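Chain and residue survey
Given next are the chains, with one letter for each unit.
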Amino acid sequence: MTPRTVLRIEGAAALVVALYGYYRLGGPLWLLAVLALAPDLSMLGYLVDERIGSVVYNLGHTYTLPVALGAVGYGLDARLLLLGALIWAGHIGADRLVGYGLKSASGFGETHLSPSTGHRADPAVARPR
């Protein structure tokens, strides 16, 4: 199994867990619909340049911030923060499931899940035949 396949399975698991948690907390469908694509607003960083864009996009598409938001929401007993964290984590899981990854500073299309960004062999090292 390739690392890309593992990350896609992980994304599916995160999506399912996030949606189940959202359902169990009784989250309204309208909030899910409104916020489902909100993390993609991080693409606006690309209006500055590719380096800033990739940093901002990647911050919005790693599990660290939604997990922190969920922890704060849990600690404060703030259901709305928990729902937001679940939507955010679910969005990231859905992205990974369909093959969208973290962006490279070299371009929006280059991600950690792109076939073209795999480790290339060092040309100085001869390949066994």
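Reference entry: report on the structure contained in this document. (Residues numbered from 1 in each chain as written. Predicted model: local features only at pLDDT ≥ 70, side-chain atom pairs only at ≥ 80, totals over all residues. Heavy atoms only, no water.)

1. Considering the overall build of the protein
- For the protein, the count of helices and strands is five helices and two strands.
- Counting helices and strands in the order they occur from the N terminus, the protein gives α-α-α-α-α-β-β.
- Residues counted as buried form 30% of the 129 residues belonging to the protein.
- Across the protein, every contact between residues at least 6 apart in sequence was considered, and the portion connecting residues at least 24 apart equals 61%. (Helix = DSSP H or I, 4+ residues; strand = E, 2+ residues; numbered from the N terminus. Buried < 20%, exposed > 50% of the residue type's maximum accessible area, 1.4 Å probe, protein only. Contact = heavy atoms within 4.5 Å.)

2. Some points on unusual backbone geometry
- Residue Asp77 is not a glycine yet carries a positive backbone phi of 55 degrees.
- With relative accessibility at 69%, the residue Asp77 sits in the exposed group.

3. Observations regarding the side chain of Ser42
- Position of Ser42 relative to the elements: it lies in the loop between α2 (29–35) and α3 (50–60).
- Residues contacting Ser42, with those up to four places away along its chain left out, are Gly53, Val56, Tyr57, Gly60 and His61.

4. So, the packing of helix α1 (residues 3–24) against helix α5 (residues 79–97)
- Two elements in contact, α1 and α5, have axes separated by 7 Å at closest approach and are oriented at 155 degrees. Of the possible angle classes, the one that applies to α1 and α5 is roughly antiparallel. As for the relative orientation of α1 and α5, their crossing is left-handed in sense. Every residue of α5 that contacts α1 at Leu7, Arg8, Gly11, Ala12, Ala14, Leu15, Ala18, Gly21 and Tyr22 is listed here: Leu83, Leu86, Ile87, Ala89, Gly90, Gly93, Ala94, Arg96 and Leu97.
- When the residues that make up the contact of α1 with α5 are grouped by side-chain class, the tally is 12 nonpolar, four polar and two charged. (Axes fitted to C-alpha atoms, helices over the stretch in contact; angles between N-to-C directions. Parallel < 35°, antiparallel > 145°, perpendicular 65-115°, else oblique. Left-handed = near helix turned anticlockwise from the far one by under 90°. Nonpolar A, V, L, I, M, F, W, Y, C, P; charged D, E, K, R; others polar.)

None of this, on its own, says anything about what the molecule does.
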